[in-house]
Amino acid sequence: MNANGLPFRPGTKCWSIGAHTFVVTALLVCLGACRSGPPETRSGASGATGSTPTGGTVTATSGVANEWTMAPGDYANTRFSTLSDINTTNVNQLREAWTFATGTLGGHEAAPLVVGSTMFVVTPFPNTLYALDLTKPGGAIKWRYDPDPQSAAKGVACCDTVNRGAAYADGRVFINTLDGFTAAVDAETGRQLWKTQLGDINLGETITMAPMVVKGKVLVGNSGGEFGVRGWLAALDAATGAIAWRAYSTGPDRDVLIGPNFKPYYESDKGTDLGTKTWPSEAWKMGGGAVWGWISYDPQLDLIFYGTSNPGPWNPDQRPGDNKWTAGIFARDPDDGDAKWFYQFSPHDLYDHDGVNENVLVTLNVNGQSRPVIVRPERNGYVYVLDRATGEILSVTPFVHITSSTGVDLQTGRLQYVEAKKPRVGVVVRDICPAAPGAKDWQPSSFSPRTGLLYMPHNNLCMDFEGMETSYIAGTPYVGAEVVFKPGPGGHLGEVTAWDPVKAQPAWKIKEPFMAWSGTLVTAGDVVFYGTMDGWFKAVDGRSGKELWKAKTASGIIGQPISYRGPDGKQYIAVLAGIGGWPGAVIVNELDTRDPTAGAGWGETMKSLQASQTKGGVLHVFSLP
Amino acid sequence: MSSAFPSVAAAAVLSMAAVSCARPAPVPDAPSRVLRVCADPNNLPFSNRALEGFENRIASLVADRLDAKVEYEWWAQRRGFVRNTLRAGLCDVVMGLPSRMEMAATTQPYYRSSYMFVTRRGTHQPASFDDAFLKTAKVGVHIIGDDFSNSPPAHALSNRGLIDNVRGYSVYGNYKSPNPPAELIRAVEQGEIDVAIAWGPLAGYFAQVSKVPLQLTRVMPEREPPFPFVFDMSMAVARSNTALKDELDKVITDNKPAIDAILRAFAVPIVDDRKVASR
């Protein structure tokens, strides 16, 4: 829900990948997407695989070095930096190099970008884009671009004013604005090249995801599941801003861009016009399935992968059926949007479990066979390993305490819900795990081909449906469930888990007092970076999870850390601080009002977060002395 | 849009005139006290930027009694409205919230209304949610947008397995159009649905100004545990602002006839029975 979005951008700068090849398995991430020359991919570079006792290995197919041109780092969504100047032995000497105040108060979820000697930072509403000159001491402002999103409809997009980052390709920077536009800006001058309206804020549509550029098309999806929007992913011509195609997440096949090439793996996804037939009457017209999460791209298969949000806005018993194509993952042709396969993580979702999380593209090598797969940490509490070409589930393993389902039937692909934990209005249902924000929300993982581990920032949240609460909206009184979030087993709210996709088990876990709502970054120095909602930026050992260093930032961190090499040749680590977003604005407020049933210390814990944090975006940049 | 509703506008003006005349003389200087009101700028019959809603009228009446002037903070009524307005300190009072709302301190109720069946005149008037008519008619209800947070009629219908003949109208509607929640009533006018189940003030006002004659019937039962269909409505202030709450309670007690007159002018269906204890 809730508003409930995000996706990204593509890079054109392949030189960095070729120059720092660590890839053993040859999936050339830049192939077909890069105009600036063929990538020089070499195989056999050192440290490319993570060995495991079972004989299996897992490798990634990309990673980034000097630049950071899209929020997830690369098309494979690894967020892996091949830089290793900063490593486990010297990270304890990291110190702040410079800072920059964004002048904006909303939750800062974006990743900064670095292209050449310029850093690009996009803020939450009003979505100002700053270009910072990295050749100047302290990152002086080179230009700023103000898209001036409509503030007239104040309150129409109430819940979530975040922006998850920009994208860079071919001399242009692309940003999405909260009021439903995508803009292209000249990277040198900040001049607007085009601006296209995709969503209508008056209908509750917003855009919060980071765009991604694939093969000359800017991919953008909408947010607004809480407002009964109909989800879509659109592709715009990067040069002109013209809309090339738009694929809806509900409705007839022609709207969903499902044709003869659509070959889903599981039976329940096969059939004609399931986007209407799995809904009562015309409920699909505002059925949700917003596309506010991450996009991955596999140049070899020439497929994009992205998730769709939960169905809405009716209660589950008012929308009988699977509610296709919500809470699942699409594979599509980036050229025309043609759907290739779909898998539904949560058919007929009961828990507001958006299916928009990151799809990390890696290659599994087991028993002498290598297989391109998607590793997908899902909101419903499972890590899925899916065949990238077909959507077949290869493994599915819980990574948190789960009470709402017993697993996934590998024959049918269907999540097995637990009847006793199905929420019903007016009925008290306790200890539903994971809670509505899921075992893991939007906060993106990273993957290191050196350790073979996926570093997942996530939640440890359960919830009770406690009864009825009177509310009021737009002049209409109503009653809703009173949902009480509470910590899962252990009493902490967040975790960072290093997940081994081959063994399908954690290598290590770090408990965090609050939800781990920032992204993670992993480097070839085997250091994992992440931020906390109480404002600490931390570096831990990628192999052991041991804390190596931390620094206090200006506000709570819910952004995405990145690494880059500055014009001075040094490696830098950068992250935006600035509490807000769903946890900052909603969860914190909701939690502190509900106490006695909510577990000892819970209300007090969240109050302490509120008391200790102030809003305001600050970019922090760190380096070795 | 207001010009389409001459009778309502006239009645409202009359009631305001009565209010002004009750004061001995115009105060030469504008009052220095300010009553900051958070309201939706596009949501008749409750409020709008042109101050044509009954909550606008009542805010003026209250301010007059407190020797204050009204200043508005406009904010669309969405999830987070109370959090972003009253609780964020943008204003002193929200003119209409359910008396049982827990996010704020609420005054004594100043009206009580009910969800209503809205049908075209001359067609069947449903007697209750169990009326067989609802099994075959095209039924429209407001939907809120979050799972498990829906209008009580939506729950009542789904409890009876009424799904395929029910059409949902987003309570948010299209904010570019005037008074977006009213789309539900327009759908009855235009024959898109046979019956709307709408909150009383919205139903009453837009039925009164409809070009097609409409009829209203109070929904029954009055309560279907755990869902009430009748709500007491209050003004709301920040929980800590007990002084203002006390002042507002007194204004409501002392000005009941004037408040009732405003509600009547806007055709708000008033439920006057006392079977449900008010706070």
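Conventions used here
- Residues numbered from 1 in each chain as written.
- Chains lettered and ligands numbered in written order.
- Predicted model: local features only at pLDDT ≥ 70, side-chain atom pairs only at ≥ 80, totals over all residues.
- Helix = DSSP H or I, 4+ residues; strand = E, 2+ residues; numbered from the N terminus.
- Buried ≥ 20, exposed ≤ 12 C-beta atoms within 10 Å, placed from the backbone.
- Contact = placed C-beta atoms within 7 Å.
- Nonpolar A, V, L, I, M, F, W, Y, C, P; charged D, E, K, R; others polar.
- Pairing = 2+ DSSP bridges.
- Axes fitted to C-alpha atoms, helices over the stretch in contact; angles between N-to-C directions.
- Core = buried A, V, L, I, M, F, W, Y, C linked by C-beta atoms within 7 Å.
- Parallel < 35°, antiparallel > 145°, perpendicular 65-115°, else oblique.
- Left-handed = near helix turned anticlockwise from the far one by under 90°.
- pLDDT = per-residue confidence, 0-100.

A few words on the overall build of chain A. In terms of regular secondary structure, chain A is built from five helices and 40 strands. Expressed as a percentage of its 625 residues, the buried residues of chain A come to 66%.

A few words on the interface of chain B and chain A. At the junction of the two partners, chain B supplies 48 residues and chain A supplies 45 residues. Mapped onto the side of chain B that touches chain A, the elements with two or more residues apiece are α3 (81-84), β5 (93-98), β8 (139-143), β9 (149-150), α5 (152-159), β10 (166-170) and α7 (200-208) of chain B. In terms of residue count, the dominant contributor to the side of chain B that touches chain A is α5 of chain B (four residues). Partitioned by chemical class, the residues of the side of chain B that touches chain A number 24 nonpolar, 14 polar and 10 charged. With two bridges joining them, strand β31 (residues 476-487) of chain A and β9 of chain B adopt antiparallel strand pairing. Its bridge partner lying in β9 of chain B, G480 of chain A is registered against S149 of chain B.

Structurally, G103 of chain A is set in the loop between β4 (95-101) and β5 (113-115). A sequence separation of 303 residues divides G103 of chain A from T406 of chain A, and the C-alpha atoms of the two residues are 47 Å apart.

All names here are of chain A. Spatially, β5-β6-β7-β8 is the arrangement adopted by the four strands of the open sheet, whose pairing is antiparallel. The open sheet has two free edges, formed respectively by β5 and β8 (140-145), since each of these has just one partner strand. Averaged over neighbouring strand pairs, the angle between their axes works out to 25° when direction is ignored. Inspection of the sheet shows strand β7 (residues 129-133) paired to β8 by five bridges, in the antiparallel sense. Residue L132 lies in a different strand from β8, and its bridge partner there is I141.

Ranked by size, the top nonpolar core spans 263 residues in total, and within it F120, A166 and Y168 of chain A together with V118, I185 and A198 of chain B carry the most contacts. With seven residues, strand β30 (residues 461-473) of chain A is the single largest residue contributor to this core. Leave out the neighbours within four places in its chain, and A198 of chain B touches Y115, M116, V118, H142, L184, I185 and A203 of chain B.

This part covers the sheet that holds strand β34 (residues 520-523) of chain A. All names here are of chain A. The strand order across the open sheet formed by five strands is β3-β34-β35-β36-β37, and the pairing between neighbours is mixed. Where the open sheet ends on each side, the last strands, each with one partner, are β3 (80-81) and β37 (547-552). Strand direction decides the pairing type here: β3 and β34, joined by two bridges, are parallel. Paired with F80 across the strands is V522, a residue of β34.

Residue and element names in this part refer to chain B. Direction vectors running N to C along helix α2 (residues 54-65) and helix α9 (residues 256-265) enclose 160°, while the axes themselves pass 9 Å from each other. As the angle between them shows, α2 and α9 are arranged roughly antiparallel. Considering how the two elements wind past one another, α2 and α9 form a crossing that is right-handed. Where α2 abuts α9, its residues F54, R57, I58 and L61 lie against A258, I259, I262 and L263. Considering only residue class, the contact of α2 with α9 consists of seven nonpolar, no polar and one charged.

Remember that side chains alternate between the two faces of the sheet whenever the strand is regular. Residue and element names in this part refer to chain A. The buried count for strand β10 (residues 172-176) comes to five of five residues, which makes it a mostly enclosed element. Of the two faces of β10, the one holding R172, F174 and N176 and the one holding V173 and I175 are both buried throughout. Inspection of the sheet shows strand β9 (residues 167-169) paired to β10 by three bridges, in the antiparallel sense. From the neighbouring strand, Y168 faces β10, where its bridge partner is V173. Linking β9 back to β10 in an antiparallel pair, the connection comprises two residues, with D170 at a positive phi of about 50°. Pairing geometry for β10 and strand β11 (residues 181-186), over five bridges, is antiparallel. Looking at the pairing, F174 lines up with A184 of β11. In textbook terms, the turn of a hairpin is the stretch between consecutive antiparallel strands, and for β10 and β11 this stretch comprises four residues, one of which, G180, has a positive phi near 100°.

Residue and element names in this part refer to chain B. Buried residues dominate α5, accounting for seven of its eight residues. Where α5 is concerned, the buried positions are P152, P153, A154, H155, A156, L157 and S158. One or two steps after α5, the chain reaches G161, where phi turns positive at roughly 75°.

Turning our attention to the pairing of strand β17 (residues 295-298) of chain A. Residues and elements named next belong to chain A. Both faces of β17 are covered, namely the face carrying I295 and Y297 and the face carrying S296 and D298. Pairing analysis gives four bridges linking β17 to strand β18 (residues 303-307), with the strands arranged antiparallel. Looking at the pairing, S296 lines up with F305 of β18. Counted along the chain from β17 to the antiparallel partner β18, the turn is four residues long, and its residue D302 has a positive phi close to 55°.

Residues and elements named next belong to chain B. With 86% of its residues at a pLDDT of 70 or more, chain B has an overall mean of 87. Ignoring residues within four places in sequence, the model shows residues 1-22, a span with pLDDT below 50, making 25 contacts including any to other chains. The ipTM, which scores confidence in the relative placement of chains, is 0.82 for this predicted complex, and the corresponding pTM is 0.88.

A few words on the confidence of the model for chain A. All names here are of chain A. The predicted model of chain A averages 86 in pLDDT, with 85% of residues at 70 or higher. Confidence drops under a pLDDT of 50 for residues 1-54, and excluding neighbours within four residues, the segment shows 202 contacts in the predicted structure. Confidence drops under pLDDT 50 across residues 590-602; counting only partners more than four residues distant or on other chains, this segment forms 20 contacts.

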